[in-house]
Amino acid sequence: MEELLAKKDPNESLISHTDWVLLVWDNIFQQYRSTIPHNCFWDDSYITVLLHDIGKATLNFQDVMYNRARNNDNYIRHELYSGVF
């Protein structure tokens, strides 16, 4: 799984990126959990943050990250995959 890239220059794995984003989410949660009532907000926001870049796991995105894409006309943005998921 570490070979799945979320960013390059410098390379950052999808797992590392997701871990960092979840850490930021947790900091926000700790700060505002008593202010914002639960009513599913925190559960839904956690899942959203967790999966916000799931489209980066597609071969399409990884080919671009590893410079294996030959024709960028066939490229579909990772946000579209993430949103569908």
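Residues numbered from 1 in each chain as written. Predicted model: local features only at pLDDT ≥ 70, side-chain atom pairs only at ≥ 80, totals over all residues. Heavy atoms only, no water.

Draft legend 1. A look at the nonpolar core. Listed in full, the 6 residues of the largest apolar core are Val21, Leu22, Trp25, Phe29, Trp42 and Val49. Elements with a minimum of two residues in this core: α1 (14–32) and α2 (41–51). A per-element tally of this core places α1 first, with 4 residues. Not counting the four nearest positions on each side in its chain, Val21 is found in contact with Val49 and His52. (Core = buried A, V, L, I, M, F, W, Y, C linked by side-chain atoms within 4.5 Å. Buried < 20%, exposed > 50% of the residue type's maximum accessible area, 1.4 Å probe, protein only. Helix = DSSP H or I, 4+ residues; strand = E, 2+ residues; numbered from the N terminus. Contact = heavy atoms within 4.5 Å.)

Draft legend 2. Just the environment of Arg68, in detail. By secondary structure assignment, the location of Arg68 is in the loop between α3 (59–65) and α4 (78–84). Overall, the relative accessible area of 44% leaves Arg68 in the partly exposed class. Residues Arg68 and Ile36 lie 32 residues apart in sequence; the distance between their C-alpha atoms is 45 Å. When neighbours within four sequence positions are excluded, Arg68 is seen to be in contact with Leu59, Gln62 and Asp63.

Draft legend 3. Spotlight on a nonpolar patch on the surface. Side chains of Trp20, Val24, Ile28 and Tyr32 sit close together on the surface and give an oily, nonpolar patch of about 380 Å² of accessible area. Mapped onto the elements, Ile28 comes out in helix α1. Judged by its relative accessible area of 40%, Ile28 falls in the partly exposed class. (Patch = residues over 30% accessible without salt bridge, like charges linked within 9 Å, V, L, I, M, F, W, Y side chains within 5 Å. Areas by Shrake-Rupley, 256 points an atom, 1.4 Å probe, with all protein chains shown as cover. Salt bridge = Lys/Arg side-chain N within 4 Å of Asp/Glu carboxyl O.)

Draft legend 4. Representation of unusual backbone geometry within the structure. A cis geometry characterises the amide bond from Asp9 onward to Pro10, with omega recorded as 0°. Tracing the sequence through the fold places Pro10 in the loop between β1 (5–7) and β2 (12–13). In this structure, Asp9 takes a positive phi of about 60° despite not being glycine. Position of Asp9 among the secondary structure elements: in the loop between β1 and β2. Even without being a glycine, Asn67 presents a positive backbone phi close to 55°. Turning to its location among the elements, Asn67 is positioned in the loop between α3 and α4. We classify Asn67 as exposed; its relative accessible area is 64%.

Draft legend 5. Structural view of the pattern of salt bridges. All told, the structure shown has 3 salt bridges when counted by the stated rule. Its salt-bridge partner being Asp53, residue Lys56 comes within 3.3 Å of it at the nearest N-O pair. Considered together, Lys56 and Asp53 belong to a single accessibility category, that of buried residues. Between Arg68 and Asp63 there is a salt bridge; the shortest N-O distance is 2.9 Å.

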